[in-house]
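Results of the structural survey
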Amino acid sequence: MPAKVNENTCMHCGGCTSVCPAQALELQETVLVVDTDKCIECGNCQKVCPVGAIKVVKG
Amino acid sequence: MNYEKEWDVIIVGAGPAGNMAAQEFAKRGMKALVIDRKQQIGPPKRCGEGLSIRWVKIGKLKPNPRWALQEITGATLVAPNGEKVYIDTGSTGQTGYIIERSQWEKMEAEKAIRSGAKYMLKALVTGLVMEGKAVKGVKVSREGKEEEYYAKLVVACDGVDSMVGRYAGLRTAMPLGECDSGYQYEMANVPIENPNYMELYFGTNVAPRGYVWVFPKGKDVANVGIGISGDSAETAKDCLDAWIEANHERFKDASITEINAGVIPVTKPVGEFVGDGIMLVGDAARMVNPIHGGGMGSALEAAQMAAEVGTAAIKKGDTSKKELMAYQKMWQEKRGGEFKKILHVRHFVEKLNDEQFNIVADLVKKGELKPEMLVDLGHGKGLAELIKALVKASPSITKFALSFLKG
Ligand SMILES: Cc1cc2nc3c(=O)[nH]c(=O)nc-3n(C[C@H](O)[C@H](O)[C@H](O)COP(=O)(O)OP(=O)(O)OC[C@H]3O[C@@H](n4cnc5c(N)ncnc54)[C@H](O)[C@@H]3O)c2cc1C
Ligand code: SF4
Ligand code: SF4
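Since the structure is predicted, the reported quantities are computational estimates derived from the model, not experimental observations. Sequence order sets the numbering: in each chain, residues are counted from 1 along the sequence as written. Key to labels: chains lettered from A, ligands numbered from 1, both in the order written. Whole-chain, interface and lining totals are the exception, using all residues; otherwise, since this is a predicted model, local features are given only for residues with pLDDT of at least 70 and side-chain atom pairs are given and counted only at 80 or more. Neither water nor hydrogens contribute to the side-chain values; these are computed over all heavy atoms in the structure.

Residues in close proximity to ligand 2 include C10(A), M11(A), H12(A), C13(A), G14(A), C16(A), L32(A), C49(A), P50(A), V51(A) and I54(A), which together make up its full environment. Looking at the shell around ligand 2 residue by residue, the class counts come to 9 nonpolar, 2 polar and no charged. For this description, a residue counts as near a given molecule or strand if any of its non-hydrogen atoms is within 4 Å of it. Each residue gets one of three labels, nonpolar for Ala, Val, Leu, Ile, Met, Phe, Trp, Tyr, Cys and Pro, charged for Asp, Glu, Lys and Arg, and polar for the others, Gly among them.

Here it is, written out as structure tokens:
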């Protein structure tokens, strides 16, 4: 499953976009958009997120 | 609001890099447009707001009480065992400020506007206008419309995301292990021992491969933040919350006025700062001091260099990668060597365990290491001295430490 953002906890800091190898994330200032077609489920965004707001649910 | 379509230079991002670039291009007579996705310059800050005097001078900033909130003349380092080391940096002229960054950024933008630059806000750059491999402008999503703006040169000052560079085919994606995950509360009613001193706390239980900071913004207001390794299993938020909880006595009457989060590059800069018609500046090019993660100052300096080279290229009518490469060369000559050494220090410090950190604090306490040496490390100097002292005090460290002396 591709990465999923919890908009309740996301700080819109853009940190996850900086480590996404697939250009699957775009911060549009107040929303973080995941391009699910591009996501390769590497989990980088989940690890780097300072608040645990983005998760790759395996399976 | 309507904007002209054609510009000499389009700058993406109105942070420290973008504002300085705008000032410097506009001052040289270039028609400059700054585009930011925010609706307001400044907030939300992603920053501890520490700025050393060296960068204040390089950036030709005139400290104004509206943003230069707290003068810093020293640092308190706290080892994992709680041992405190006080470093008087003021006596060697290494002072600095904790600034009100949002206010400062707005005033820098005002300066740029007075020099002739224009600003477009709440406008997201979603892509680039390309002609073959050359950048000819930007695609913007604004006021519900998709628009295009054209320029002889695009300067990407878009911060850690660094998407604009990627749109041009430059490789800016960061490996996880080369960045820190940061989280911070600005808090009021915090007891502060000495507002002139920054506080830094180390230890695996405090911050895995990083540190907690308390940066005073006056007598009882402070940025209380943490940076931990980007690949740690814990989140920065959980680590900071745990640390505050563990220091309950100190923080029980304090509360938060802001929550900040962000990712900090602590690595070498990107391989290529330039392409045909494009330059990367600041966090977008990963120009951050890799030991403490400060990046505002180097963003200012790099923006000055980019404007000098960029203006000459525009005037010559040649903004090809070959021409713009002079900017990368200039940066490498001025700052490249220093940042490389600082990264080497970081790689060493990252390997120290809590016990070895405690030994360093103890050596400083006993006068066997000069406290100023710890400041030098932040400039990439003094590693050999540190290693020699550590090897003497703790022979078990010898093998890996000596490998760093060669490197
Ligand atoms: C928690 C934390 C603490 C820090 N503490 C310090 C510190 O104490 N001292 C220090 O010097 N540095 C610190 N830093 C680092 C510092 O914040 C950065 O190095 C600095 O902000 C870099 O400036 P910049 O202009 O390159 O980028 P930024 O300040 O990030 O500015 C980028 C701008 O570009 C805009 N933008 C991005 N993408 C687009 C797009 N596609 N379209 C339109 N606009 C866009 C953004 O909205 C933003 O305004 C810290 C960082 C973090 C995360
Ligand atoms: S790193 Fe986390 S908080 Fe920051 S934009 Fe990504 S999901 Fe949101
Ligand atoms: S899981 Fe990997 S590819 Fe998918 S959005 Fe996160 S960082 Fe990008």
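From this point, things continue past the structure.
Moving on to the layout of surface pockets. Residue and element names in this part refer to chain B. A pocket here means an open set of points on a 1 Å grid, computed over the protein atoms alone, that has protein on both sides within 12 Å along at least five of seven lines. A cavity is instead a set of points where a 1.4 Å probe fits but cannot get out; residues with an atom within 4 Å of a point line either one. Grid points are joined across faces, edges and corners, and a volume is the space filled by probe spheres set on the points. Volume-wise, the second largest pocket comes out at about 330 Å³. If you go around the second largest pocket, you meet 19 residues; those closest to its centre are T267, K268, P269, V270 and G271. Per-class residue counts for the lining of the second largest pocket are 8 nonpolar, 6 polar and 5 charged.

Moving on to the site of ligand 3. Residues and elements named next belong to chain A. The immediate surroundings of ligand 3 are formed by 13 residues, with C20, C39, C42, G43 and C45 found nearest. For a cavity or pocket, the test is whether more than half of a molecule's atoms lie within 2 Å of its grid points; if they do, the molecule sits there. Cavity membership is defined here by more than half of the atoms lying within 2 Å of grid points; on that basis ligand 3 lies in the second largest cavity. Among the residues forming the shell around ligand 3, the class breakdown is 10 nonpolar, 2 polar and 1 charged.

Think of a nonpolar core as a cluster: buried Ala, Val, Leu, Ile, Met, Phe, Trp, Tyr and Cys residues, connected wherever their side-chain atoms sit within 4.5 Å. Only protein chains enter the calculation, and the probe is 1.4 Å; a residue is then buried if its accessible area is under 20% of its type maximum, exposed if over 50%, and partly exposed in between. Counting residues in each nonpolar core, the largest one holds 76 residues, and the members touching the most others are I11(B), F25(B), V138(B) and Y327(B). The element contributing the most residues to this core is helix α7 (residues 296–316) of chain B, with 11 residues. Here I11(B) is in contact with G18(B), A21(B), A22(B), F25(B), A32(B), L33(B), V34(B), I35(B), V155(B) and C157(B), once residues within four sequence places are set aside. The next biggest cluster of nonpolar side chains, apart from the first, holds 48 residues, and it includes A3(A), V56(A), L176(B) and I192(B). Here a strand is any run of E in DSSP of at least two residues, a helix any run of H or I of at least four, and the numbering for each starts at the N terminus. In this analysis, two residues are considered to be in contact whenever any of their non-hydrogen atoms come within 4.5 Å of each other.

Let us look at the environment of Q94(B). All names here are of chain B. Assignment of secondary structure puts Q94 in the loop between β6 (84–88) and β7 (96–99). By relative accessible area, which is 29% here, Q94 ends up partly exposed. Between the C-alpha atoms of Q94 and G74, which are 20 residues apart in sequence, the distance is 8.3 Å. Among residues more than four places away in sequence, those in contact with Q94 are T89, V375 and H379.

Glancing now at the side chain of K38(B). Looking at the secondary structure, you find K38(B) in the loop between β2 (32–35) and β3 (50–52). Counting of polar contacts relies on pairs of N or O atoms within 3.5 Å, with two restrictions inside protein: one atom must be capable of donating a hydrogen and the other of accepting it, and residues adjacent in sequence are counted only when both atoms are side-chain atoms. There is a polar contact of 2.7 Å between the side chain of K38(B) and the backbone oxygen of G42(B). Setting aside residues no more than four positions away along its own chain, K38(B) makes contact with E29(A), P43(B), P44(B), E105(B), L121(B) and K122(B).

What follows covers the sheet that holds strand β4 (residues 68–72) of chain B. Picture the strands of a sheet paired through backbone hydrogen bonds; they go either parallel or antiparallel. Residues and elements named next belong to chain B. A pair of strands counts as paired when DSSP detects no fewer than two bridges linking them. Sheet architecture is open: 3 strands sit in the order β3-β7-β4, paired in antiparallel fashion. Because the sheet does not close on itself, it has two edges, and the strands there are β3 and β4. Here the average twist between neighbouring strands, direction ignored, is 30 degrees. In the sheet, β3 pairs with β7 via 3 bridges, with the strands oriented antiparallel. In the strand pairing of β7, S52 is matched with G96. Only the contacting stretch of a helix is used when fitting its axis, a line to C-alpha atoms as for every element, and angles between N-to-C directions run 0 to 180 degrees.

Our next topic: the environment of P191(B). Residue position: P191(B) is located in the loop between β12 (179–188) and β13 (197–201). The sequence separation of P191(B) and A254(B) amounts to 63 residues, and the corresponding C-alpha distance is 8.3 Å.

Let us now look at empty space enclosed by the protein. Empty space among the atoms can be located by rolling a probe the size of a water molecule over them. For the structure on display, the rule yields 2 cavities of 30 Å³ or more. One number sums up the size of the largest cavity: a volume of about 110 Å³. For the lining of the largest cavity, a count of residues per class yields 13 nonpolar, 3 polar and no charged. Of the volumes computed, that of the second largest cavity is approximately 90 Å³.

Quick look at the sheet that holds β6(B) now. Residues and elements named next belong to chain B. The mixed open sheet is built from 7 strands, whose spatial order is β6-β5-β13-β14-β15-β12-β16. Each end of this open sheet is capped by a strand with a single partner; those strands are β6 and β16 (255–265). The sheet shows a mean angle of 20 degrees between the axes of neighbouring strands, direction not considered. Relative to strand β15 (residues 221–229), β12 is paired through 9 bridges, and the arrangement is antiparallel. Paired with M187 across the strands is A222, a residue of β15.

Our focus in this paragraph is the domain arrangement of chain B. All names here are of chain B. Assigned domains of chain B: these are domain 1 (6–46 + 102–173 + 269–344), domain 2 (72–95 + 176–265) and domain 3 (351–405). The C-alpha-based centres of domain 1 and domain 2 are spaced at 30 Å. Contacts between the two partners involve 9 residues from domain 1, matched on the other side by 11 residues from domain 2. By buried area we mean the combined loss of accessible area, with a 1.4 Å probe, across both parts when two parts are placed together. Surface buried jointly by domain 1 and domain 2 totals about 710 Å² across both partners, of which 57% is contributed by carbon and sulfur atoms. By the criterion of area lost to domain 2, the three top residues of domain 1 are K45, R46 and V160, representing 60% of everything that side buries. In the sections that follow, a salt bridge refers to a side-chain nitrogen of Lys or Arg positioned within 4 Å of a carboxyl oxygen of Asp or Glu. For K45, the salt bridge goes to E258, with nearest N and O atoms at 3.0 Å. Our enumeration of links across domain 1 and domain 2 arrives at 5 residue pairs in polar contact (both at pLDDT 80 or more). Among the residues making up the side of domain 1 that touches domain 2, the classes are represented as 3 nonpolar, 2 polar and 4 charged. Where each domain starts and ends follows an automatic or database-derived domain assignment.

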